[in-house]
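# Structural overview
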Amino acid sequence: MKRNNKCQSCGSGSPTRYVEFNQNIGYLVRRSHEKISGWLCKKCINREFYKKTAITLFFGWWGVISAYVAPVYLVKNFINFIPTIGMAKK
């Protein structure tokens, strides 16, 4: 993938990194899924990681399929977030 110089979320010229975060909300018989991926700055990475991970943590388990999907999404979110911890904020 080609590196983008601008954050694809807010448009700032801060250093960016490619990330992908998933969110799951489980209902009794169905579920909803949301995903963000792209070159994001540190501020947007933190915002999206905490938002999507918290929603999945608290609302992602309330369904049969979601009980299996939510833990996978949580682990993937943490794995994608770890390399961004040392990024500089601009």
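The structure we're discussing is the one just above.
Predicted, not measured: the structure shown is a model, and the values here were computed from it.

Conventions adopted
- Residues numbered from 1 in each chain as written.
- Predicted model: local features only at pLDDT ≥ 70, side-chain atom pairs only at ≥ 80, totals over all residues.
- Heavy atoms only, no water.
- Pairing = 2+ DSSP bridges.
- Helix = DSSP H or I, 4+ residues; strand = E, 2+ residues; numbered from the N terminus.
- Phe/Tyr/Trp six-rings, centres within 6.5 Å; stacked < 30°, edge-to-face > 60°.
- Buried < 20%, exposed > 50% of the residue type's maximum accessible area, 1.4 Å probe, protein only.
- Lys NZ or Arg CZ within 6 Å of the ring centre and 35° of its normal.
- Salt bridge = Lys/Arg side-chain N within 4 Å of Asp/Glu carboxyl O.

## Here's the deal with the pairing of strand 1 (residues 16-26)
- Direction of pairing for strand 1 relative to strand 2 (residues 31-41): antiparallel, over a ladder of eleven bridges. Of the residues in strand 2, the one forming a bridge with T16 is C41.
- Count of turn residues in the strand 1/strand 2 antiparallel hairpin: four residues.

## Observations concerning the packing of aromatic side chains
- Applying the stated criterion to the full structure yields seven aromatic pairs.
- With centroids separated by 5.1 Å and ring planes inclined at 70 degrees, the aromatic side chains of F49 and Y50 adopt a geometry described as edge-to-face.
- Residue Y50 is classed as exposed on the basis of its relative accessible area, which comes to 53%.
- The rings of F21, F49, Y50, F78 and F81 are connected pair by pair, giving a single aromatic cluster.
- Over the ring of Y27 we find R30; its NZ or CZ atom is 4.8 Å from the centre of that ring.

## Some remarks on the pattern of salt bridges
- All chains considered together, the criterion is met by four salt bridges.
- Across the pair R47 and E48 runs a salt bridge, and its minimum N-O distance is 3.7 Å.
- Looking at R47, the relative accessible area reads 38%, which means it is partly exposed.
- By relative accessible area, E48 is classed as buried at 8%.
- Where K52 meets E48, a salt bridge forms, and the shortest distance between an N and an O atom there is 3.3 Å. One end of the pair is K52 and the other is E48, both in helix 1 (residues 42-59) and four residues apart, which spans about a single turn.
- Among the residues examined, K52 registers a relative accessible area of 1% and is labelled buried.
- Each member of the salt-bridge network shares a partner with another, and the members are E34, R47, E48 and K52.

All quantities given are derived from atomic positions and should not be read as evidence of function.
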